[in-house]
Amino acid sequence: MNALIVEEMIPLLQVFDMPSSLRFYADILGCRVVMDDGQRLPDCDWVMLELNSIRFMLNTAYERRHRPECPDNARTVAHGDVCLYFSCHDVAGAYEYLRGQSIPVKAPVLSHYGMLQLYVPDPDGFNLCFQKRA
């Protein structure tokens, strides 16, 4: 048998508060909800988002009726180790846009391997990197 034949990968991120996550991903980044769990948006527990041809999913770590008042640090401590990388032909423009949306971003940096990169935290502490070859 040859290697597996796969067609797509769709990452899933566990989020604490779906309305906050949807404000960030849909309202600010421009993702659109292509599927959801059938509950009323934004108070749902699962969505599939699309940004151009990129798809990823968000799922609440707790269903609403079981959600504690604040995130459990034991569950979220490693979120900073997760990063989604997006190809972005205008990293400087993305930086200016996100600053205008009051998103806490630092100026893009040039990596030692030749990529201009803009790192952005999401509401749950996951990292997003918008990058292009310098």
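Each remark here, short or long, concerns the structure printed above.
Owing to the predicted nature of the structure, the values given are computational and were not obtained by experimental measurement.

*Asks:* Would you take a moment to explain the environment of aspartate 90 for this structure?
*Replies:* Looking at where aspartate 90 falls in the secondary structure, it is placed in the loop between β5 (83-87) and α3 (91-100). It is 9.8 Å that separates the C-alpha atoms of aspartate 90 and leucine 116, two residues lying 26 residues apart in sequence. A polar contact is formed between the side chain of aspartate 90 and the backbone nitrogen of glycine 93, at a distance of 2.8 Å.

*Asks:* I keep staring at the environment of leucine 116 and nothing clicks. Help me out?
*Replies:* With respect to the helices and strands, leucine 116 occurs in strand β7 (residues 115-121). In this structure leucine 116 comes out as partly exposed when scored by relative accessible area, which is 23%. Sequence separation between leucine 116 and phenylalanine 130 is 14 residues, and the spatial gap between their C-alpha atoms is 8.3 Å. Aside from chain neighbours lying at most four places away, what touches leucine 116 is Val91, Pro108, Val109, Leu110, Phe130, Gln131, Lys132 and Ala134.

*Asks:* Is there a simple way to think about the nonpolar core in this case?
*Replies:* A general feature of soluble globular proteins is that nonpolar side chains tend to end up buried together. Counting 29 residues, the largest nonpolar core has Tyr25, Leu29, Leu58 and Leu118 as its most contacted members. Of all elements in the fold, only β1 (12-15), α1 (18-28), β3 (46-51), β4 (54-60), β5, α3, β7 and β8 (127-133) reach the threshold of two or more residues within this core. For this core, the leading source of residues is α1, giving 5 residues. Each residue touching leucine 118, except ones within four places of it in the same chain, is listed here: Val91, Ala94, Tyr95, Leu98, Val105, Lys106, Pro108, Leu128, Cys129 and Phe130.

*Asks:* Honestly, the layout of surface pockets in this entry has me stumped. Any pointers?
*Replies:* Using a probe with the size of a water molecule, rolled over the atoms, empty space left in the structure can be pinpointed. Of the volumes computed, that of the largest pocket is approximately 320 Å³. Considering the residues around the largest pocket, the lining is formed by 15 residues, among which Leu29, Leu51, Cys88, Ala94 and Phe130 are closest to the centre. Taken together, the elements giving at least two residues each to the lining of the largest pocket come down to β5 and α3. Ranked by the residues each element gives to the lining of the largest pocket, the list is headed by α3, at 4 residues. Its residues placed into classes, the lining of the largest pocket shows 10 nonpolar, 4 polar and 1 charged.

Basis of the calculations
- Residues numbered from 1 in each chain as written.
- Predicted model: local features only at pLDDT ≥ 70, side-chain atom pairs only at ≥ 80, totals over all residues.
- Heavy atoms only, no water.
- Helix = DSSP H or I, 4+ residues; strand = E, 2+ residues; numbered from the N terminus.
- Polar contact = N/O pair within 3.5 Å; in protein donor to acceptor, adjacent residues only side chain to side chain.
- Buried < 20%, exposed > 50% of the residue type's maximum accessible area, 1.4 Å probe, protein only.
- Contact = heavy atoms within 4.5 Å.
- Core = buried A, V, L, I, M, F, W, Y, C linked by side-chain atoms within 4.5 Å.
- 1 Å grid on protein atoms, 1.4 Å probe; cavity = no way out; pocket = protein on both sides within 12 Å on 5 of 7 lines; lining within 4 Å.
- Points joined across faces, edges and corners; volume = space filled by probe spheres on them.
- Nonpolar A, V, L, I, M, F, W, Y, C, P; charged D, E, K, R; others polar.

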